[in-house]
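# Tertiary structure, described
Residue strings, one per chain:
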Amino acid sequence: MVCIPGGPGGCLRSTADGSLFWGIAGRGLYAAVLVGFVAGFLVSLANPIGGAIIGIFTAALIFCIFIASLLAEEGQCYELEGTESCAAGVIIRVERSFSDEVDQWFSFLSQHNCIDLLVTSYYWERLEDGASGVLCTGEAGDRNSEYIRCYIYDPAVCSAYHGGVAGLAIGGILGIAAGIAIAVAIGCATVILCLIAIIVGILAAIVLAVVGAIIGGHAGRSSGEGGAGLDTVALPVVGQILMVRGNLAQSTPGGVKIFWFVNELFPYGDAITTVDDPYSYCEIDEEPTLAVGADGCSEMD
């Protein structure tokens, strides 16, 4: 066992940047309120109460649609510009698309098949190139190890996403109409009744939008199963030595390197180390099949 003093540098403290998410969400809320205000103001020229109701409905639904799209973006079908590259190491996590319990309902939020590959120390420079942050196992001291997320394209994920977005839009339109009808039916004879009308109407609109997204997502998933992409029926499992080739890109500007997407998988059998809870590069570096020049990848720039 040979560990490098200090281990890798540039490790991120977490795999998700919550501050970035809420910053984007805040801008979305600002835009939704602005659109809602404009819509409400125009209607209020003829009907002040109707303008208030429509303005609130419009802002709420636009924000809900924005958040749904923001949550779904990470695991969907956008393109990332990168370079053809490869990496080798041991698999420490495998997550199939639609495997999460939430995905069984909200299928349009599912991510593509994903493998977390703990790489040998030889590849640290490749993952850190371009001042990229890196994902690390978080082990104390010298045993801390770098790993990379390798996404494997699943056409059903894209179909579910597009179906969910379409369903969300249709449900949102129907929801606005239903919400306004409910609010008008309850009426604004008093301040309390007016508040109840707005709240009930908003809830009805949101429910219809969400139901539309769920139905559209499931319909899209069913229509998109199969098609182009790697055969993922027999994905490698945790503990196997693996070499991957594909598009190596930064997840976001200044973000971590990921494979989006993997084009080829080369499993080399199970790791021989008995130190696997958790795995560390200290032992993986000594795997014969991962020796520099022998893994089929290390010679690639």
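Presented here is a report on the structure given in the accompanying data block. (Residues numbered from 1 in each chain as written. Predicted model: local features only at pLDDT ≥ 70, side-chain atom pairs only at ≥ 80, totals over all residues. Heavy atoms only, no water.)

## Thoughts on the side chain of histidine 112
- Relative to the helices and strands, histidine 112 is located in the loop between α3 (101–105) and β2 (113–119).
- The buried category is assigned to histidine 112, whose relative accessible area is 2%.
- Side-chain polar atoms of histidine 112 contact the backbone nitrogen of aspartate 154, separated by 2.9 Å. (Helix = DSSP H or I, 4+ residues; strand = E, 2+ residues; numbered from the N terminus. Buried < 20%, exposed > 50% of the residue type's maximum accessible area, 1.4 Å probe, protein only. Polar contact = N/O pair within 3.5 Å; in protein donor to acceptor, adjacent residues only side chain to side chain.)

## Overview of a nonpolar patch on the surface
- On the surface, Ile186, Ile192, Leu193, Leu195, Ile196, Ile199, Val200 and Leu203 cluster together into a nonpolar patch covering about 670 Å² of accessible area.
- It is helix α6 (residues 191–224) that contributes the most residues to the nonpolar patch, seven residues altogether.
- Topologically, leucine 203 is positioned in helix α6. (Patch = residues over 30% accessible without salt bridge, like charges linked within 9 Å, V, L, I, M, F, W, Y side chains within 5 Å. Areas by Shrake-Rupley, 256 points an atom, 1.4 Å probe, with all protein chains shown as cover. Salt bridge = Lys/Arg side-chain N within 4 Å of Asp/Glu carboxyl O.)

## Description of the packing of aromatic side chains
- Enumeration over the complete set of coordinates arrives at five aromatic pairs.
- Centre to centre, the rings of tyrosine 151 and tryptophan 260 are 4.9 Å apart; their planes meet at 65 degrees, and the pair counts as edge-to-face. With a gap of 109 residues between them, tyrosine 151 in strand β4 (residues 146–152) and tryptophan 260 in strand β6 (residues 257–270) connect regions that are remote in the sequence. Accessibility classification places tyrosine 151 together with tryptophan 260 in one group, the buried group.
- Ring geometry for tyrosine 153 and phenylalanine 261: centres 5.4 Å apart, planes at 75 degrees, overall edge-to-face. Of this pair, tyrosine 153 sits in the loop between β4 and α5 (155–186) while phenylalanine 261 sits in strand β6; the two residues are 108 residues apart in sequence, bridging distant segments of the chain. (Phe/Tyr/Trp six-rings, centres within 6.5 Å; stacked < 30°, edge-to-face > 60°.)

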